Amino acid sequence: MQRSSSSDKVPPHYDAEKTAYHSSAGDDVTGHIRGLETSAETALHRGLKARHITMIAIGGAIGTGLIIGTGKALAQAGPGSVFISYTLVGFIVFLVMAALGEMAAWLPMSAGFTGYATRFCDPSLGFALGYCYWFKYIIVTPNQLTAFALVMQYWVDRERVNPGVWIAIILVVIIIINYFGIKFFGEFEFWLSSFKVVTICGVIILTLVLALGGGPDHDRKGFRYWQEPGAFKPYIKEGSAGKFLGFWSTMVTATFAFLGTELVGVTVGEAQNPRKTIPRAIRLTFFRILIFYVLSVLLIGMCVPYNSKELVFANSSTSNASASPFVVAIKLAGIKTLDHILNACILLFVFSACNSDLYIASRTLYGLASDGDAPAIFRRTNKDGVPLYALGFSACFCLLAFMNVSDDSKTVFTYFVNLTTIFGLLTWISILVTHISFRRARKVQGIPNSAMPYNAPLGIWGSYVALFLCILIALTKNFDVFVGDFKTKYPTFITGYLGIPIYLILIFGHKFSTKSKRVRPHECDFYTGKDIIDREEEAFLAAQAAKKLEKPTSAGAKFYRRYVSWLF
C-alpha cells in the first residue's frame, strides 16, 4: 500500500457527507476526534517548550526513590545487586520510553498513551490503562504530601507542629501552581527539575571524592566494600540462592525509583513541536538515567558498606535525610552539617513530585474524558487551557494525606500505597503491548521507518524483551510473602497484587459492556486527525523561522544548546 504525504492524504474512514473523521476507535459525528481535542472549550494549550519537556522528563525520573530508596536496597542486597538492578531497569525504562516516543512523534494526541492504546490496540486496553494510571497518581500524590511532612520532621517534631499543617500548606500551593496554566507550570517545574539535576551532580561529585579519599577521613575506599563485606548480600536464604533473591528484591526498588519517566506521554498534548521535542526528551532521558542513576548507585556502593549500622534507618519508614545512604556516606566520612543541606534538597524533591503528580492525575483524567471513557465535563478547559474540573476532582483525593496525621492509620495507608508500583508496572506493560500492535499494523499497512519522525532503536523486539521483564517483575514483586508465615504477610500480598485483578476486571468489564473488539492490524487508523497535527507543526515552524529572521540566535543561546542543554 503506497501513501502520499500524510498532510494531503485523505485519511481512511473519512465521511464526506458528515465532514467528520471516523476512526476505528469510534469517533462521534460532531467533528470531535476521540483523544484529540480541537475545540476552544476543550483543547489544551501547547505551552511546553523543548527545555520544559526534557526537564519534566528527567524530573519525573529523579526523586526520593534514588536519594532515599537506594538505602533500603543497599542494606538488603549489597552494592553489586543494586548496581545491576538499576542498570537493567534503566534499560527497560529506555525501551518503554522509545516505544512511547515512536507513537507520540507520529500522532501527538491530547489523550496521551491511553489514546494510543485505544486507537492502535484495543479500546478496552485504553480504558483500563487510563484508569490504572489515574488510580496510581491519586494514590501517590497524597503519599508525596505525607512524605513532605515526614521530611519536615527532621527539623520540627510532630509534637511541636502537626503534620497536617505542612500537608495543607503544600496542597494549596500545588493547586495554585497547576491552576495558573501550562506555561507557568512548565517554567516552575523546569527550575525545580534543574535544581534536582544540580543536586544529583553535586552528590555524584561528593561521593566520587569520598571514594577517592578526599573526605576529612582521607580514607581511599575504592572498591573495598565490594570485597568486604561483599558485593552481594544473601536475602531470606543463604548462599548463591540467597544472593540471587537479594538481587531480585532490588528490582522492585529500582522499578519504584524509575516510575514516572513515562509521564512524557502525558505532556504530548501540551508540547510545542512535539515531533521534535518528544524524541529529544527520550534520548536525553536515556543518557541522564545512565549518568544519574547508574553512576550514583555505583559510587554510593563504594562509600557505604551494606552492613553499616548507620543504614538501619534505611529499613525504617523514615522519609527524610536520616534514611538516605548519601547522608550515611557523609557521616562516615566525618563531614558535619551537610546532612541538613541534603535534607533541604530532599524537601524540594518531594515538593516537585507533589506538583507534577497532581498535574499528571488531572491530565490523565482529562485524557480519559477526551477518549470518551470519563464524563465529558472533565474535558472542559478554561481560557489558559487548564482542565479545571479534572484538576479539582483529582485534588480532592489529596485529602487522603490527612489520614497520616493519626498514627493508627499509617499502616492502612502504607498498604494502600503498595498499589502504586503494580499500577506503574501495568502502565509500562500496556504501553509496550500497544507499541507491538502499532508496529504490526505499520508492517501490514506498509508504513516504512523512513516515514516515521522517530523510530524505537530496537524496534518491536525491544518491546518484546521489555514486556517479558515487566511481566516477570510484576508477578514476582512480592515474592518474599511466600516465605515464612503467610498469615502475617497476607495484607502485603493483597495490596501488592490487587492491581492485577483490578486491571483485568477493567479490561474485560469494558469489553463486556461496550462489546469492543481488538483493533486488527489492517484496520488500524494511522491518519485520522494527523493532518491537524501537521498543520500545527507547519505553523509553529514557520513562526519560529520568522522569529529567527527578526532576531538571530545569540552566541549564548548557541552555546547553551550545544553544550548545556543535554543536562538542562
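Residues numbered from 1 in each chain as written. Predicted model: local features only at pLDDT ≥ 70, side-chain atom pairs only at ≥ 80, totals over all residues. Heavy atoms only, no water.

*Asks:* Tell me what's going on with the pattern of salt bridges, and back it up with residues and numbers.
*Replies:* Side chains bearing opposite charge may pair, as long as their charged atoms lie close to each other. With the rule as written, the count across this model stands at 4 salt bridges. With a closest N to O distance of 2.7 Å, Asp122 and Lys511 form a salt bridge. Here Asp122, found in the loop between helix 5 (113-120) and helix 6 (123-152), pairs with Lys511, found in helix 20 (residues 499-514); they are 389 residues apart in sequence, far enough to count as distant. Put simply, Asp219 and Arg224 hold a salt bridge, and the shortest N to O gap is 2.5 Å. A single salt-bridge network, built from bridges that share partners, covers Glu102, Arg439 and Arg442. (Salt bridge = Lys/Arg side-chain N within 4 Å of Asp/Glu carboxyl O. Helix = DSSP H or I, 4+ residues; strand = E, 2+ residues; numbered from the N terminus.)

*Asks:* Outline the environment of Thr250, listing residues and values.
*Replies:* With respect to the element layout, Thr250 can be found in helix 10 (residues 239-258). You can call Thr250 buried: its relative accessible area is 1%. Taking the C-alpha atoms as reference points, Thr250 and Lys72, 178 residues apart in sequence, are found 8.8 Å from one another. Not counting chain neighbours up to four residues away, the residues in contact with Thr250 comprise Ala73, Ala77, Ser81, Val82 and Ser85. (Buried < 20%, exposed > 50% of the residue type's maximum accessible area, 1.4 Å probe, protein only. Contact = heavy atoms within 4.5 Å.)

*Asks:* I'd like to hear about the environment of Pro375, residue by residue, with values.
*Replies:* As for its placement among the helices and strands, Pro375 is situated in the loop between helix 14 (338-370) and helix 15 (388-396). In this structure Pro375 comes out as partly exposed when scored by relative accessible area, which is 46%.

*Asks:* Can you lay out the packing of helix 6 against helix 20 for me, pointing to particular residues and giving the numbers?
*Replies:* Where helix 6 contacts helix 20, the two axes come as close as 8 Å, and the packing angle between them is 140 degrees. Classified by the angle between their axes, helix 6 and helix 20 sit oblique to one another. Regarding helix 6 and helix 20, the two cross each other, and that crossing is right-handed. For the pair helix 6 and helix 20, the contacting residues are Pro123, Ser124, Leu125, Phe127, Ala128, Tyr131, Cys132 and Phe135 in the first and Ile502, Tyr503, Leu506, Ile507, His510 and Lys511 in the second. Grouping the amino acids of the contact of helix 6 with helix 20 by side-chain chemistry returns 11 nonpolar, 2 polar and 1 charged. (Axes fitted to C-alpha atoms, helices over the stretch in contact; angles between N-to-C directions. Parallel < 35°, antiparallel > 145°, perpendicular 65-115°, else oblique. Left-handed = near helix turned anticlockwise from the far one by under 90°. Nonpolar A, V, L, I, M, F, W, Y, C, P; charged D, E, K, R; others polar.)

*Asks:* Quick one: what's the story with the side chain of Asp357, residue by residue and with numbers?
*Replies:* If you trace the backbone, Asp357 turns up in helix 14. Buried and unpaired, Asp357 has no salt bridge, with Lys136 as the nearest side chain of opposite charge at 7.0 Å. (Lys, Arg positive; Asp, Glu negative; His and termini not counted.)

*Asks:* Give me the lowdown on the nonpolar core, citing residues and values where you can.
*Replies:* Leu145, Trp428 and Phe526 are the most contacted members of the largest nonpolar core, which totals 157 residues. If one sorts the elements of this core by residue count, helix 6 sits on top with 18 residues. In contact with Trp428, other than residues within four places in its own chain, are Ile92, Val93, Val96, Thr255, Phe258, Leu259, Thr261, Glu262 and Cys470. (Core = buried A, V, L, I, M, F, W, Y, C linked by side-chain atoms within 4.5 Å.)

*Asks:* Could you give an account of helix 18 (residues 459-476), naming the residues involved and the relevant values?
*Replies:* Note that an α-helix has 3.6 residues per turn; residues three or four places apart therefore point the same way. In this model helix 18 runs 27 Å from its N-terminal to its C-terminal C-alpha over 18 residues, within 8% of the 26 Å that 1.5 Å per residue would give. Buried within helix 18 are the following residues: Gly459, Ile460, Gly462, Ser463, Ala466, Leu467, Leu469, Cys470, Ile473 and Ala474. (Expected span 1.5 Å × (residues − 1).)

*Asks:* Any chance you could break down the packing of aromatic side chains for me, citing the residues and the numbers?
*Replies:* Enumeration according to the criterion identifies 34 aromatic pairs in this entry. Ring geometry for Trp134 against Phe393: centres 5.8 Å apart, planes inclined by 10 degrees, an arrangement best described as stacked. Placement of Trp134 in helix 6 and of Phe393 in helix 15 is noted, with a sequence separation of 259 residues between them. Under the relative-accessibility criterion, Phe393 is labelled partly exposed at 35%. Each ring, one from Phe393 and one from Phe397, has its centre 5.4 Å from the other, and the planes form 85 degrees; the classification is edge-to-face. In textbook terms, an aromatic cluster arises when at least three aromatic residues are bridged by ring pairs, as seen for Phe127, Tyr131, Trp134, Phe135, Phe378, Phe393, Phe397 and Phe423. In this arrangement the basic side chain of Lys196 is found over the ring face of Phe349, its NZ or CZ atom lying 5.8 Å from the centre. The aromatic ring of Tyr225 is capped on one face by Arg224, whose charged end is 5.8 Å from the ring centroid. (Phe/Tyr/Trp six-rings, centres within 6.5 Å; stacked < 30°, edge-to-face > 60°. Lys NZ or Arg CZ within 6 Å of the ring centre and 35° of its normal.)

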